[in-house]
Amino acid sequence: VASLTACENEKLALEAKVNESTRFRALAETEFKVQVRECNLMSSKIQEATTIVVKAIHESNPARPGPEAGPGAAGYRPELAFLQVQNVSESSPYDVDEFKAPEADFDLLGSHKEEKNGVVAILRMIYDDNAKRCQDLLSINKQEDGDYDALLADSHTAYQAKTAICDDIESQIVDLTGEIIDHQNQMSATEASKESKQKSLDSITPGCEWVESTFSSRKTKRAAELAALQDAKTYLAGGTQH
């Protein structure tokens, strides 16, 4: 019984370990989702900031014709392509996937290369760093998911093995309990037989004690009786009586 109790306690310890790991994993998953949303929101804000900067650059610096201008409709400015592309859709960058950062293109500033190499380049660097952070979060979460799945698999295997051991111990206890019950039944039957025989002995004890206490006197009397019978036999046969 003590072995079974210890085995069951080990199973409970495994369950507690899995439950604790599951709780921590759920907390980590919740934190991960928050961080990814914040990361992607930051990417969106960097895009918006870049759009504002590009617009400010071109408002303060009229378009200059050059080989980069290219053909197009009247009023089209290649250096504003980034801004124009961003205004094509008013939908949220998270309509498709809230965990996927929006795409960004910082290479359409046209003839304003000096400005591009300044503030916009810094914004691009910030965007790239933030995008890497988002990707790192996804990679870390994927690794943690793998570790958690491996822990669950190992715990499940260990739990099954421990359950088999506990079941075997319990089966042995059942068998031993059956044997104990059989022995107890045999002991009860033996005790009943003993009591019955004891009653029989008790019932004949007075007679035995009487025989034992009167044996000597009865032996003497029987000897006298035998002698008298012998004398009578001799007398009847015509002999002389002693």
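Described in the following lines is the structure provided in the data block.

**Thoughts on the overall build of the protein chain**
Then, number 1: The number of helices and strands found in the protein chain is 3 helices and 0 strands.
Then, number 2: The secondary structure elements of the protein chain, listed N-terminal to C-terminal, are α-α-α.
Then, number 3: By residue count, 19% of the 242 residues in the protein chain fall in the buried class.
Then, number 4: Total accessible area on the protein chain stands at roughly 17300 Å², and carbon and sulfur atoms take up 59% of it.

**Focus on the nonpolar core**
Then, number 1: Among the nonpolar cores identified, the biggest contains 5 residues, and these are Phe32, Val36, Cys39, Cys134 and Leu137.
Then, number 2: Elements with a minimum of two residues in this core: helix H1 (2-60) and helix H3 (113-236).
Then, number 3: Ranked by residue count, the leading element in this core is H1, at 3 residues.
Then, number 4: Not counting the four nearest positions on each side in its chain, Leu137 is found in contact with Phe32, Gln35, Val36 and Cys39.

**A closer look at the packing of aromatic side chains**
Then, number 1: The tally for this structure, following the rule as stated, stands at 0 aromatic pairs.
Then, number 2: In this structure, Arg23 is placed above the aromatic ring of Phe24, and the distance from its NZ or CZ to the ring centre is 4.6 Å.

**A look at the side chain of Asn141**
Then, number 1: With respect to the helices and strands, the residue Asn141 is situated in helix H3.
Then, number 2: Contacts of Asn141, omitting those with residues within four sequence positions, involve Arg25, Glu29 and Phe32.

**Here we look at the pattern of salt bridges**
Then, number 1: By the definition in use, this model includes 7 salt bridges.
Then, number 2: Glu29 is the salt-bridge partner of Arg25, the closest N and O atoms lying 3.1 Å from each other. Within this pair, Arg25 and its partner Glu29 are both found in helix H1, separated by 4 residues, close to a single helical turn.
Then, number 3: A residue is classified by how much of its surface remains accessible, and Arg25, at 10% relative accessible area, is buried.
Then, number 4: Note that Arg222 and Glu225 form a salt bridge whose closest N and O atoms lie 2.4 Å from each other. One end of the pair is Arg222 and the other is Glu225, both in helix H3 and 3 residues apart, which spans about a single turn.

**Re a nonpolar patch on the surface**
Then, number 1: A surface patch of nonpolar side chains, amounting to about 270 Å² of accessible area, comprises Ile122, Met125 and Ile126.
Then, number 2: Looking at the secondary structure, you find Ile126 in helix H3.
Then, number 3: With a relative accessible area of 37%, Ile126 lands in the partly exposed category.

Conventions adopted
Residues numbered from 1 in each chain as written. Predicted model: local features only at pLDDT ≥ 70, side-chain atom pairs only at ≥ 80, totals over all residues. Heavy atoms only, no water. Helix = DSSP H or I, 4+ residues; strand = E, 2+ residues; numbered from the N terminus. Buried < 20%, exposed > 50% of the residue type's maximum accessible area, 1.4 Å probe, protein only. Areas by Shrake-Rupley, 256 points an atom, 1.4 Å probe, with all protein chains shown as cover. Core = buried A, V, L, I, M, F, W, Y, C linked by side-chain atoms within 4.5 Å. Contact = heavy atoms within 4.5 Å. Phe/Tyr/Trp six-rings, centres within 6.5 Å; stacked < 30°, edge-to-face > 60°. Lys NZ or Arg CZ within 6 Å of the ring centre and 35° of its normal. Salt bridge = Lys/Arg side-chain N within 4 Å of Asp/Glu carboxyl O. Patch = residues over 30% accessible without salt bridge, like charges linked within 9 Å, V, L, I, M, F, W, Y side chains within 5 Å.

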